[in-house]
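# Breakdown of the fold
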Amino acid sequence: MEERRIVILTGAGISKESGLETFRDPDGIWAQVRIEDVATPEAFARNPERVHAFYNHRRAGLQADAVLPNAAHDALARLERDWPGEMLLVTQNIDDLHERAGSKALIHMHGELLKARCLACGAVSPWHEPMTLASLCPACGTAGTLRVNVVWFGEMPMEMERIYDALGVCDLFVSIGTSGNVYPASGFVAEARNNGRAHTVELNLEPSEGHSLFDEAHYGPATEVVPAFVERILKDGW
């Protein structure tokens, strides 16, 4: 099998089956909390205690005993391990379920819930405990300067140059569990198509907003469609 390049994008739909809340479902997080209150730099400047409390709750939920990688996470880790060519996994999710499943070639374009960033020294550190204004930066020891290392509305997603470079040369682009209405990730399928050779695939519970841009689509729970697709790719390619 020739060594072709794969780029995979994952969204909240892949982690929902592990028990995590999604953001944009009718009963999701943004239906319960105003984005302007907890997920912007302005919100943090105005009321850091509230923002900390919001992410402390989510951080605790992510670390609950019942929240584990599911069959879809495991299948993508297997694909990375067994695929003879290059593979890059780009996730919009801020959880660590891909890592726990064994994925290594991974970009968290929206940041990571279990990391803290210091506004004083810029250091990014692992962080699993509640965060408060009294928390000290592990790198510089300053208090009151930590924020969760996630991308808020109005901020630039992470490692975009590396992502676009990979999309520009990939042979297969797969979008998994994402609504297709959040830019810039919603534009990745068009970027892949524009390279002139990428085959594009959507694996989702239902058609996304950009479903017409995909060459191939399979709909159903991620824990069913992702393992089946990975099995096919490893056996027969595309």
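That block above? That's the structure.
Figured I'd write up the structure that's included with this text. Sequence order as written defines residue numbering, which begins from 1 separately in each chain. For this predicted model, a pLDDT threshold of at least 70 governs which residues receive local features, and a threshold of 80 or more governs which side-chain atom pairs are given and counted, while totals over whole chains, interfaces and linings are taken from all residues. Side-chain measures were taken over the full set of non-hydrogen atoms in the model, leaving aside hydrogen atoms and water.

Turning to the sheet that holds strand E6 (residues 146–150), a few remarks are in order. The pairing of strands in a sheet comes from backbone hydrogen bonds and takes either a parallel or an antiparallel form. Here the rule is simple: two strands pair whenever DSSP picks up at least two bridges between them. Helix and strand definitions follow DSSP, with helices as H or I runs of at least four residues and strands as E runs of at least two, each counted in order from the N terminus. The three strands are arranged E5-E4-E6 in an open sheet whose pairing can be described as antiparallel. Strands with a single pairing partner mark the edges of an open sheet, and in this sheet they are strand E5 (124–126) and E6. Each adjacent strand pair in this sheet contributes to an overall mean axis angle of 45 degrees, direction not counted. Pairing analysis gives three bridges linking strand E4 (residues 111–118) to E5, with the strands arranged antiparallel. Note on definitions: angles span 0 to 180 degrees between N-to-C directions of axes, and those axes are lines fitted to C-alpha atoms, for helices only across the stretch in contact.

Multiplying 1.5 Å by the helix residue count minus one yields the expected span of that helix. The end-to-end C-alpha distance of helix H4 (residues 48–62) is 21 Å, a good match for the 21 Å that 15 residues give at a rise of 1.5 Å each. Relative accessibility decides the category of a residue: with a 1.4 Å probe and only protein chains considered, values under 20% of the type maximum give buried, values over 50% give exposed, and everything between is partly exposed. Every buried residue of H4 is accounted for by Pro48, Val51, His52, Phe54, Tyr55, Asn56, Arg58, Arg59 and Leu62. The elements touched by buried residues of H4 are helix H2 (35–38), helix H3 (41–46), helix H6 (97–101), E4 and E6. Here a residue-residue contact requires only that any non-hydrogen atoms of the pair lie within 4.5 Å.

We now examine the sheet that holds strand E2 (residues 87–91). Within the open sheet, the six strands sit side by side as E3-E2-E1-E7-E8-E9. Their pairing is parallel. In this open sheet, the two edge strands, each paired with only one partner strand, are strand E3 (106–108) and strand E9 (216–219). Mean inter-strand twist for the sheet, computed between neighbouring axes without regard to direction, equals 15 degrees. Relative to strand E8 (residues 199–204), strand E7 (residues 172–176) is paired through five bridges, and the arrangement is parallel.

For the rest of this paragraph, the subject is helix H7 (residues 160–169). Listed as buried for H7 are Met160, Ile163, Ala166 and Leu167. For H7, the arc enclosing every buried residue in end-on projection is 125 degrees, short of the 170-degree limit, so these residues lie on one face. Of the surrounding secondary structure, the elements contacted by the buried residues of H7 are strand E1 (6–10), E2, E3, E7 and helix H8 (188–193). Throughout, the arc means the angular range of directions from the helix axis out to the C-beta atoms.

Right, let's get into unusual backbone geometry. A cis geometry characterises the amide bond from Tyr183 onward to Pro184, with omega recorded as 10 degrees. On the secondary structure map, Pro184 appears in the loop between E7 and H8. One non-glycine residue, Glu159, lies in positive phi territory at about 55 degrees. Structurally, Glu159 is set in the loop between E6 and H7.

Looking now at the nonpolar core. To form a nonpolar core, buried Ala, Val, Leu, Ile, Met, Phe, Trp, Tyr and Cys residues must be joined to one another through side-chain atoms within 4.5 Å. If you look at the biggest cluster of nonpolar residues, it comprises 23 residues, and the most contacted ones within it are Ile8, Leu76, Leu79, Val174, Ile176, Leu203 and Val226. At the level of secondary structure, the elements contributing two or more residues to this core comprise E1, helix H5 (71–82), E2, E7, E8 and helix H9 (222–236). Looking at this core, the element that brings in the most residues is H9, giving seven residues. If sequence neighbours within four positions are ignored, Leu203 has contacts with Val174, Ser175, Ile176, Gly177, His218, Val225, Val226 and Phe229.

Note on definitions: salt bridges are taken to be side-chain nitrogens of Lys or Arg within 4 Å of carboxyl oxygens of Asp or Glu. Counted under the stated rule, the structure contains 14 salt bridges. Between Arg34 and Glu36 there is a salt bridge, and its shortest N-O distance comes to 3.8 Å. The partner of Arg50 in a salt bridge is Asp37, with the nearest N and O atoms 3.6 Å apart. With Arg50 in helix H4 and Asp37 in helix H2, the pair connects residues that are 13 residues apart, well separated along the chain. Put simply, Arg34, Glu36, Asp37 and Arg50 are held in one network by salt bridges that share partners.

Before going further, it helps to examine the packing of aromatic side chains. Each aromatic pair joins two rings of Phe, Tyr and Trp (for Trp, the six-membered one) with centres within 6.5 Å, and gets the label stacked for planes under 30 degrees apart, edge-to-face for over 60, and tilted for any other angle. Counted according to the given criterion, the structure contains five aromatic pairs. A centroid spacing of 6.5 Å and a plane angle of 15 degrees characterise the contact between Phe173 and Phe214, whose relative ring orientation is stacked. Taken together, the positions of Phe173 in strand E7 and Phe214 in the loop between E8 and E9 put the pair 41 residues apart, joining distant regions of the chain. Like Phe173, the residue Phe214 is buried in the burial classification. Two thresholds decide whether a charge sits over a ring: the Lys NZ or Arg CZ must be within 6 Å of the ring centre and within 35 degrees of the ring normal. It is Arg4 that lies over the ring of Trp238; its NZ or CZ is 3.9 Å from the centre. Lying over the aromatic face of Trp152, Arg147 brings its terminal NZ or CZ to 3.6 Å of the ring centre.

Turning to the pairing of E6, a few remarks are in order. With five of five residues buried, E6 is to be regarded as a mostly interior element. Relative to E6, E4 is paired through five bridges, and the arrangement is antiparallel. Residue Ala116 lies in a different strand from E6, and its bridge partner there is Val148.

On their own, these measurements won't tell you what the molecule is for.
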